[in-house]
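# Architecture and fold: a report
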Amino acid sequence: MRRYFIFIILFFILGCSTANEVKWLDFETGLKKAQKENKLILLDISAKWCHYCNLMETTTYSDKEVIKIINEKFIPVKIDADLRKDINKKYNQGGLPTTAILTPDGTLIYGNLYLPPEDMKKVLLYFSSLSKEEIEKMKNEKNLKNQLTFSLKETKIDESIFDLVNTNILGMLDKEYGGYYDEVKFPIDSTVYYLILKYLENSDYLSLLKKTLKGYEKLIDREEGGIFRYATKKDWTQPHYEKLLRDQASIALAFLNAYSVLKDKSLLDDANLILDFSKKTLYNQKEKYFYGSQGADIVDDEGRILVSGEVYFSKNKQDRRFLENVYRRKLPLDDNFYFGENALMVKTLVYSYVFNKDDNDLKIAEDLMNKIIKEGFKQNGIIHTPKVNKYFLDNQINTLDALFTLYQITGKDAYLKNFRNLLDVVLKNYYSQKIGLFTDFEDTGLNLNRISYVDSIVSLNFKLAKIIYQYQLLDDNKNLENIKNNILNKLTNFNTVETALGLYLYFKPPIFSIYVNKEKVFNKKVYEFFPFWNIGLSFTPEDNNFKNLGYPYEEFPVVYICSLKMCFEKLKYSDIENYDFKNFFKKYLNQQIM
């Protein structure tokens, strides 16, 4: 009798639980069901790390009235923004969570971000009350708007364009606190690289560079390392506490570059705080890859907040462990293997090896790259994850960059071979005739929505142009020059820091520091100054890649300091230890634009 009574109670609890939950479906299943039942789709785009997604789960999607309306009137669809980047890019409204209403065929007719319960009820009741004719009218208006094309102009790149873009970008930077002038501050690696170039041109920009780096430093978790995703105040305070792998990799590398120029040991310490967190918390020692993120809050199985990041991260390390023990939960980790984000970490670990003299970091990087190539390199490039067999441009660009970096540091031909194979795939399959730039394998056009954690098409195309420039030293195929210049030309349609960096690439491109020795010896000195704009390579005289350059070798170790067009210096090995790379770059960057 007692057992029967317990069964009845459990049945009642589970039944109530099911009734009080939104019956979420995946995208494909939801689309089919919506078409079959002719219902509108409520689309929720969220991520495991996202605080406001957790908040919406805790408030809006736990509200009984909201749940009832959704389950009765809509087909609810929830997707993970990181796993389904294709859907995220198509429907994202500028951040997470994205709340969208779609017609049964997937046409977006309404979009917003976080909605509290009362606002959500109003939206749901409004759209559920519309007639078929009213919905069809909205859909037609949306389709008509989507047919409007965004064309990129052909622009003659000259000194006036260079000056105009630089003036515009400098006007967008916050002279008081550093970074972009905005109430919400994101740490962006390309801003640091741009300001380093400006500083090397003119020491007046040192203050703005330092303010930007100080701002980024405020986002570092001083208790356990790692860098938070962004600050909600313009003085870089009140952070949002997510820690994304892509941010750990890109900002740690930016700090390493800044350290190489400014020689401020605290910048190296900042990079190592971020890297140590990544290796301790995000790295899967057994499977040898990095997880995608650490979440902002301690949450339950449904994503409802138990301990907010604001509370958790205000505690010291000991008190954080106490909270975890009380709730028997830790901050959630996204344990998916994202190939592109891991490739970002490969490059950062390689330069950690350079600056920290840590052989283990190089080993982790090499093991990780071998895993990416073995498991991720398919017919059309690098897939997104083992779970999602789709191809995105950022996966290709990040992997190309990491492969070339490994070739620079190790000289292993296998990395250069994989680089060439992947570059060939990208140039053949990822160019969009529609917009004249490179985009995802499944070209969806140009999405101008600002999604802060997804590389923009501008940033990725700049990176590709820079990668092509680096490779041109080893391959003088004229078509590569045309592709690179076409990208840089199209980027002038935008007003971003990557546009400015693209113009630097056109007029004042990176320098090659080429070390030649009879024995295959890695010389860290040629890699230790501003590796973002100083491409170090080591060759033996017998290396075919060196022979093809046509540089003479005079039976003693030398370093050539060159651009693609000319060489500026030839140094004996004995002179390289005392060579002033910083002074060279100041002179080089202050040359008159031709």
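Computed from a predicted model, the values in this text were never measured in an experiment. (Residues numbered from 1 in each chain as written. Predicted model: local features only at pLDDT ≥ 70, side-chain atom pairs only at ≥ 80, totals over all residues. Heavy atoms only, no water.)

## Digging into the overall build of the chain
Of the regular secondary structure elements, the chain holds 24 helices and 21 strands. In terms of overall size, the chain behaves like a compact globule, its C-alpha atoms giving a radius of gyration of 26 Å where 594 residues would be expected to give roughly 25 Å. Along the first, second and third principal axes, the C-alpha set of the chain runs to 95 × 55 × 50 Å. Scored against the burial criterion, the 594 residues of the chain give a buried share of 57%. Surface accessibility of the chain: about 26,800 Å² in total, with carbon and sulfur atoms responsible for 50%. Computing the positive centroid from 83 side-chain charges and the negative centroid from 80, the chain places the two 2 Å apart. (Helix = DSSP H or I, 4+ residues; strand = E, 2+ residues; numbered from the N terminus. Rg over C-alpha atoms; globule rule 2.2 N^0.38 Å. Buried < 20%, exposed > 50% of the residue type's maximum accessible area, 1.4 Å probe, protein only. Areas by Shrake-Rupley, 256 points an atom, 1.4 Å probe, with all protein chains shown as cover. Lys, Arg positive; Asp, Glu negative; His and termini not counted. Charge placed at Lys NZ, Arg CZ, Asp CG, Glu CD.)

## Examining the confidence of the model for the chain
Averaged over all residues, the pLDDT of the chain is 92; the fraction at 70 or higher stands at 94%. Below pLDDT 50 for its whole length, residues 1-18 participates in one contact with residues either more than four positions away or in separate chains. (pLDDT = per-residue confidence, 0-100. Contact = heavy atoms within 4.5 Å.)

## A few points about the state of the cysteines
For the structure shown, the criterion picks out two disulfides. Each sulfur in the disulfide pair Cys50 and Cys53 lies 2.4 Å from the other. The disulfide joining Cys50 to Cys53 has a torsion of about 80 degrees about its S-S bond and is therefore right-handed. Of the two residues, Cys50 and Cys53, neither departs from the other in class, the shared state being buried. Here Cys562 is linked by a disulfide to Cys567, with a sulfur-sulfur distance of 1.9 Å. The sign of the S-S torsion, about 85 degrees, decides the handedness of the disulfide formed by Cys562 and Cys567: right-handed. Judged by relative accessible area, which is 0%, Cys562 ranks as buried. Cysteine pairing for the chain, with bonded cysteines counted in sequence order: 1-2, 3-4. (Disulfide = S-S within 2.5 Å.)

## Examining the packing of helix H8 (residues 159-172) against helix H21 (residues 497-507)
Running from N to C, H8 and H21 point in directions that differ by 150 degrees, and their axes come no closer than 9 Å. Taken as a pair, H8 and H21 cross one another with a handedness that is left-handed. Between H8 and H21, the contacting residues are Glu159, Ile161, Phe162, Val165, Asn166 and Ile169 on the first element and Val497, Thr499, Ala500, Leu503, Tyr504 and Phe507 on the second. Of the residues belonging to the contact of H8 with H21, the class tally is nine nonpolar, two polar and one charged. (Axes fitted to C-alpha atoms, helices over the stretch in contact; angles between N-to-C directions. Left-handed = near helix turned anticlockwise from the far one by under 90°. Nonpolar A, V, L, I, M, F, W, Y, C, P; charged D, E, K, R; others polar.)

## A word on the pattern of salt bridges
Pairing is possible between side chains that carry opposite charge, provided their charged atoms lie close to one another. According to the stated counting rule, one finds 41 salt bridges in the structure shown. In this structure, Glu366 engages Lys412 in a salt bridge whose closest nitrogen and oxygen atoms are separated by 2.9 Å. Here the residue Glu366 occupies a position in helix H16 (residues 359-376), and Lys412 occupies one in the loop between helix H17 (393-410) and helix H18 (413-429), the gap between them amounting to 46 residues. The class for Glu366 is buried, based on a relative accessible area of 13%. The partner of Glu375 in a salt bridge is Lys371, and the shortest N-O contact between them spans 2.8 Å. Linking Glu375 with Lys371, this pair stays in helix H16, spanning four residues, or about one helical turn. We classify Lys371 as buried; its relative accessible area is 15%. The network of salt bridges with common partners includes Asp221, Glu224, Lys243, Arg320, Arg321 and Glu324. (Salt bridge = Lys/Arg side-chain N within 4 Å of Asp/Glu carboxyl O.)

## Regarding the pairing of strand E19 (residues 534-539)
With six of six residues buried, E19 is to be regarded as a mostly interior element. Bridge count for strand E18 (residues 511-516) against E19 is six bridges, and the pairing is parallel. Of the residues in E19, the one forming a bridge with Tyr515 is Ser538. (Pairing = 2+ DSSP bridges.)

## Considerations on helix H2 (residues 27-37)
Among the residues of H2, those classed as buried are Phe27, Gly30, Leu31 and Ala34. In a view along the axis of H2, the buried residues occupy a sector of 100 degrees, so they form one face of it. Among the exposed residues of H2, those oriented more than 90 degrees off its buried face are Lys32 and Lys36. Looking at the buried positions of H2, the neighbouring elements they touch are strand E1 (40-46), strand E2 (74-80), helix H5 (85-91) and strand E3 (98-102). Phi turns positive, to about 55 degrees, at Asn38, one or two residues after H2. (Arc of directions from axis to C-beta.)

## Details of the sheet that holds strand E10 (residues 293-294)
Pairing is antiparallel in the open sheet, where three strands are placed in the order E7-E10-E13. The open sheet has two edge strands, strand E7 (243-244) and strand E13 (333-334), and neither has a second partner. Bridging between E10 and E13 involves two bridges; their strand directions are antiparallel. Its bridge partner lying in E13, Ser293 is registered against Asp334.

## Topic: the sheet that holds E2
Ordered in space as E2-E1-E3-E4, the four strands form an open sheet in which the pairing is mixed. Across the chains shown, the open sheet's two edge strands, defined by having one partner strand only, are E2 and strand E4 (108-112). Each strand axis lies, on average, 20 degrees off the axis of its neighbour in the sheet, ignoring direction. Here E3 runs beside E4; their pairing, made up of four bridges, is antiparallel. Note that in E4 the partner of Leu102 across the bridge is Leu108. Strands in contact with H2 are E1, E2 and E3; relative to E2, the strand with the most contacts, it is inclined by about 165 degrees. On top of the sheet, helix H4 (residues 64-73) reaches E1 and E2; it is set at about 105 degrees to E2, its chief contact.

## Some words on a nonpolar patch on the surface
There is a patch of nonpolar side chains on the surface, built from Leu306, Phe322, Val326 and Tyr327 and spanning about 370 Å² of accessible area. It is helix H14 (residues 317-327) that provides the largest number of residues to the nonpolar patch, a total of three residues. Tracing the backbone through its elements, the reader meets Leu306 in strand E12 (residues 305-307). (Patch = residues over 30% accessible without salt bridge, like charges linked within 9 Å, V, L, I, M, F, W, Y side chains within 5 Å.)

## Here's the deal with the side chain of Asn92
By the element assignment, Asn92 lies in the loop between H5 and E3. The buried category is assigned to Asn92, whose relative accessible area is 0%. A distance of 2.6 Å separates a polar side-chain atom of Asn92 from the backbone nitrogen of Gly94. Separated by 2.8 Å, the side chain of Asn92 and the backbone nitrogen of Gly95 make a polar contact. (Polar contact = N/O pair within 3.5 Å; in protein donor to acceptor, adjacent residues only side chain to side chain.)

## What about the environment of Tyr573?
Its location among the elements puts Tyr573 in helix H23 (residues 573-576). A relative accessible area of 39% places Tyr573 in the partly exposed class. Here the alpha-carbon distance between Tyr573 and Phe441, two residues 132 residues apart in the chain, equals 45 Å. Setting aside residues up to four positions removed in sequence, Tyr573 forms contacts with Tyr515, Asn523, Pro557 and Val558.

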